[in-house]
Amino acid sequence: NAGVTQTPKFRVLKTGQSMTLLCAQDMNHEYMYWYRQDPGMGLRLIHYSVGEGTTAKGEVPDGYNVSRLKKQNFLLGLESAAPSQTSVYFCASSRDDTDTQYFGPGTRLTVL
Amino acid sequence: AQSVTQLGSHVSVSEGALVLLRCNYSSSVPPYLFWYVQYPNQGLQLLLKYTTGATLVKGINGFEAEFKKSETSFHLTKPSAHMSDAAEYFCAVSPSGSARQLTFGSGTQLTVLP
């Protein structure tokens, strides 16, 4: 039982490049979330999903897209990376909307 | 609208001393309150949460927090700090317990001195 895993752990991009972050969970959770964490700030919700095939915008969705084609996976895409997207990205999952969230170890992304 | 203020971005205590991390919130409705811990290079882990009922909430690793409505506070305490408590701690509030509506504070980095 690995919980929530994230791939990759680190990535450096140049402005304008694209990439996809993968989140996988093996707990059969319905809800999945993507957050970003910036210095001196708490986590902010980018997008979330309440089940396979569904996605919704969070607090800071601009510049990101997501997909939930399989229940266990939640992908976060950056189509054209910008320096402002330099951050640590965390994925989380939960059984339902009010249940405990389980977080992955994070992906540290730097955009030059 | 809701917000969370964590007083002190860095707190240092000696091993064995009392840990007190402060959190104040604003919420237009009765809040659900949370404390999370983030160890180096790891994701957040739930320490404890307040929903309704008893205002003193006990969590993992000997931590507890007290909901004080009159002071709009939810401070985190531990009687005796251990070296393994060194981490970053986040307070969070949600108006309904919904994870989609969580607002996090900016975090407090706890250092435990030998």
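Please refer to the structure higher up on the page.
Criteria and thresholds
- Residues numbered from 1 in each chain as written.
- Chains lettered and ligands numbered in written order.
- Predicted model: local features only at pLDDT ≥ 70, side-chain atom pairs only at ≥ 80, totals over all residues.
- Heavy atoms only, no water.
- Contact = heavy atoms within 4.5 Å.
- Buried area = accessible area lost by both parts, 1.4 Å probe.
- Salt bridge = Lys/Arg side-chain N within 4 Å of Asp/Glu carboxyl O.
- Polar contact = N/O pair within 3.5 Å; in protein donor to acceptor, adjacent residues only side chain to side chain.
- Helix = DSSP H or I, 4+ residues; strand = E, 2+ residues; numbered from the N terminus.
- Nonpolar A, V, L, I, M, F, W, Y, C, P; charged D, E, K, R; others polar.
- Buried < 20%, exposed > 50% of the residue type's maximum accessible area, 1.4 Å probe, protein only.
- Pairing = 2+ DSSP bridges.
- Axes fitted to C-alpha atoms, helices over the stretch in contact; angles between N-to-C directions.

The interface is formed by 19 residues belonging to chain A together with 18 residues belonging to chain B. It is Leu43(A), Asp97(A) and Phe103(A) in chain A that bury the most area against chain B; as a group they hold 31% of the surface buried on that side. The tally of links from chain A across to chain B stands at one salt bridge. Its salt-bridge partner being Arg100(B), residue Asp97(A) comes within 2.9 Å of it at the nearest N-O pair. The interface formed by chain A and chain B holds six residue pairs in polar contact (both at pLDDT 80 or more) in total. For the side of chain A that touches chain B, the elements supplying multiple residues, two or more each, are β4 (31-37) and β5 (44-49) of chain A. Among the elements that make up the side of chain A that touches chain B, the one with the highest residue count is β4(A) (four residues). In the side of chain A that touches chain B, the residues fall into 11 nonpolar, seven polar and one charged.

Mapping Val60(A) onto the fold places it in the loop between β6 (56-57) and β7 (65-67). In this structure Val60(A) touches Arg36(A), Arg44(A), Leu45(A) and Ile46(A), once residues within four positions along its chain are discounted.

Looking now at the pairing of strand β2 (residues 10-14) of chain B. All names here are of chain B. Because side chains alternate across β2, one face comprises the buried residues Val11 and Val13, and the other comprises His10, Ser12 and Ser14, none of which is buried. Summarising the sheet, β2 and strand β11 (residues 108-113) pair through five bridges and their orientation is parallel. Looking across to β11, one finds that Val11 is bridged to Leu110.

Okay, the pattern of salt bridges next. Applying the stated criterion across every chain yields a total of seven salt bridges over all chains. With its nearest N and O atoms 2.8 Å apart, the salt bridge here joins Glu30(A) to Lys71(A). Of this pair, Glu30(A) sits in the loop between β3 (19-25) and β4 while Lys71(A) is found in the loop between β7 and β8 (73-78), placing the two residues 41 residues apart along the sequence. Judged by relative accessible area, which is 32%, Glu30(A) ranks as partly exposed. Residue Lys71(A) is classed as buried on the basis of its relative accessible area of 19%. With its nearest N and O atoms 2.8 Å apart, the salt bridge here joins Glu64(B) to Lys58(B). What emerges from the salt-bridge pattern is a single network uniting Arg36(A), Asp38(A) and Arg44(A).

The next thing to look at is the sheet that holds strand β3 (residues 19-26) of chain B. Residues and elements named next belong to chain B. Judged by pairing direction, the sheet is antiparallel, and its five strands sit side by side in the order β1-β3-β8-β7-β6 without closing on themselves. Both edges of this open sheet fall to β1 (3-7) and β6 (56-58), since each of them pairs with a single strand only. Averaged over all neighbouring strand pairs, the angle between strand axes comes to 20°, with direction disregarded. Bridge analysis of β1 against β3 gives five bridges, and the strand direction is antiparallel. What sits directly across from Ser3, in β3, is Ser26.

It is worth spelling out unusual backbone geometry at this point. In this chain, Thr7(A) is followed by Pro8(A) through a cis amide linkage whose omega measures -5°. In this structure, Asn41(B) takes a positive phi of about 60° despite not being glycine. With a relative accessible area of 72%, Asn41(B) lands in the exposed category.

All names here are of chain B. The buried fraction of strand β9 (residues 87-94) is high, at seven of eight residues. Here strand β4 (residues 32-38) runs beside β9; their pairing, made up of seven bridges, is antiparallel. Following the sheet pairing, Val37 is matched in β9 by Tyr89. As judged from the three bridges shared by β9 and β11, these two strands associate in the antiparallel manner. Looking at β11, one finds that Glu88 is bridged to Gln109. Here β9 pairs with strand β10 (residues 103-104) via two bridges, running antiparallel. Note that in β10 the partner of Val93 across the bridge is Thr103.

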